[in-house]
Amino acid sequence: MKYALILGAGMALGLAACNQPQETPAATGKPAAEASDTAAMPMTADAGVQIGTGTGVITAVDPDAGTVTVEHGPIPGVGWPAMTMRFTASPAVLEAASTGERIEFDVSVRDGVNEITAIRPE
């Protein structure tokens, strides 16, 4: 009997929590990225693309292969821990990339292809 009461109370609290109004950034006084519980969730242009931002150091640039290798910290937007990995990159990104440079970068992941879409000095 106690188990059924505890289970029922837990379910009621869970359902009540799901129906709480969301605060807007203006109401919290925080920037939108801090005010939203979804700030760390991947942003997608369509259902098959994940987009994130990371920081790291360029360890290699291979214009012939069209790749940049980056030792980066965690990238929550795409669910990656810190690691070193190779990314595909456009000719413009390859031209801007220099080995040893600390960067902030945007990445998109689609069908297993990881592409740096922009880099900025960190």
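Residues numbered from 1 in each chain as written. Predicted model: local features only at pLDDT ≥ 70, side-chain atom pairs only at ≥ 80, totals over all residues. Heavy atoms only, no water.

Student: I'm lost on the pattern of salt bridges in this one. Help?
Tutor: Close approach of charged atoms allows side chains with opposite charge to pair. Counting across every chain of the model gives three salt bridges. Across the salt bridge formed by Arg-102 and Glu-122, the nearest N and O atoms sit 2.9 Å from each other. On the criterion of sequence distance, the pair formed by Arg-102 in strand E4 (residues 102-110) and Glu-122 in the segment after strand E5 (113-121) is long-range, its members being 20 residues apart. A residue is classified by how much of its surface remains accessible, and Arg-102, at 46% relative accessible area, is partly exposed. Residue Glu-122 is classed as exposed on the basis of its relative accessible area of 51%. The shortest N-O distance in the salt bridge between Glu-104 and Arg-120 comes to 3.1 Å. Of this pair, Glu-104 sits in strand E4 while Arg-120 sits in strand E5, and the two are 16 residues apart along the sequence. The partly exposed category is assigned to Glu-104, whose relative accessible area is 30%. On the basis of relative accessibility, which here comes to 28%, the residue Arg-120 falls in the partly exposed class. Here the salt bridges share partners, and the residues they tie into one network are Glu-104, Asp-106 and Arg-120. (Salt bridge = Lys/Arg side-chain N within 4 Å of Asp/Glu carboxyl O. Helix = DSSP H or I, 4+ residues; strand = E, 2+ residues; numbered from the N terminus. Buried < 20%, exposed > 50% of the residue type's maximum accessible area, 1.4 Å probe, protein only.)

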